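A structural walkthrough
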Amino acid sequence: MMPSPRTTRATVGNSTSSATTSNGKFEFSSLVNSRTPLSDSPSARLRASESPVRRKDSLTSQQVLPEEDCMKLNPSFLGIAFRSLLAIDLWLSKRFGVCAEEHCSWGSARPLMKLIEVSGHGIPWIAGTLYCLYKSDSLAAQEVVLNLLFALILDLILVGLVKGAVKRRRPTHNRMDMFATFSVDKYSFPSGHATRAAMVSRFLLNHLVLAIPVRVLLMLWAVIVGFSRVMLGRHNITDVAFGFLMGYMQYSLVEYLWLSPSTVPALFSL
Ligand SMILES: CC(C)=CCC/C(C)=C/CC/C(C)=C/CC/C(C)=C/COP(=O)(O)O
């Protein structure tokens, strides 16, 4: 268990605080000595390194712990479950990161995985959609393609927002050699490829008339994009799992916000 900030100061003694002198330079001196009588004696240092239970006993008579310290000493069941899940996630993701480097066990499959990565990248999807929009000759086709473009842009924004808010670093075994990334793409949660693959495949399955084998291939592609993220070492498993869920829900949002000639006539009169 981590010692409390107060106890830490007491333990490290003279090394914590600072003050400026008249010439503007920093001079280090101890505030601790003047703040807590506990910090001085060898017995205080000994108490700080005792077990949490004994430490608590010995502190109650002299010093009341702040509330956040008590929380740390009694982590909730949910907290433990969450940390355990994250630990399992990191461990499993590292084990499945078999294409993270050329010398890894599946290193020879790395070029293929990178090809799959390109197939789920935002640039080919946005460029392809713009091309289809340019080529579409009926209002019905224009409506579907315009909404696909809207979905792709919405996906970039939402993923960027969540990545920026969560700020989970990519796995340490990832080599950051992806092409065309935004600054938030240094973060891994959620996987943008997984959100896009889930959203786009659900979109196309709902709006295109496709033969059964093509429908199966489309679903398979989405799943393979997800797997390839972990195998390349780009993501942890939870990044991809959440990405799939988020992409699935993004499609529902697009359906809800559907752009049609009746709701946004200006877009269709261009
Ligand atoms: C192609 C045209 C005409 C315009 C491009 C518009 C544009 C600037 C698109 C940005 C596309 C882009 C850079 C997307 C980022 C994709 C990416 C690297 C996601 C990260 O995925 P992850 O699975 O590693 O989280």
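Residues numbered from 1 in each chain as written. Predicted model: local features only at pLDDT ≥ 70, side-chain atom pairs only at ≥ 80, totals over all residues. Heavy atoms only, no water.

Let's shift gears to the nonpolar core. In terms of nonpolar packing, the biggest core is built from 25 residues, with Val200, Phe203, Leu204 and Trp221 touching the most fellow members. The set of elements that each furnish at least two residues to this core consists of α7 (110-119), α9 (139-166), α10 (192-207), α11 (212-231) and α12 (237-256). Among the elements that make up this core, the one with the highest residue count is α10 (six residues). Here Val200 is in contact with Trp125, Leu148 and Leu152, once residues within four sequence places are set aside. (Core = buried A, V, L, I, M, F, W, Y, C linked by side-chain atoms within 4.5 Å. Buried < 20%, exposed > 50% of the residue type's maximum accessible area, 1.4 Å probe, protein only. Helix = DSSP H or I, 4+ residues; strand = E, 2+ residues; numbered from the N terminus. Contact = heavy atoms within 4.5 Å.)

The next point concerns the pattern of salt bridges. Taken as a whole and judged by the stated rule, the model has 13 salt bridges. In this structure, Arg229 engages Glu117 in a salt bridge whose closest nitrogen and oxygen atoms are separated by 2.6 Å. Linking Arg229 in helix α11 with Glu117 in helix α7, this pair joins segments that are 112 residues apart in sequence. Grouping residues by exposure puts Arg229 and Glu117 together as buried. The partner of Asp185 in a salt bridge is Lys163, and the shortest N-O contact between them spans 3.0 Å. In this pair, Asp185 is assigned in the loop between α9 and α10 and Lys163 in helix α9, connecting sequence segments 22 residues apart. The class for Asp185 is buried, based on a relative accessible area of 15%. Through salt bridges with shared partners, one network takes in Glu101, Glu102, Arg110, Lys114, Glu117, Arg175, Asp177, Arg229 and Arg234. (Salt bridge = Lys/Arg side-chain N within 4 Å of Asp/Glu carboxyl O.)

By themselves, these figures tell us nothing about what the structure is for.
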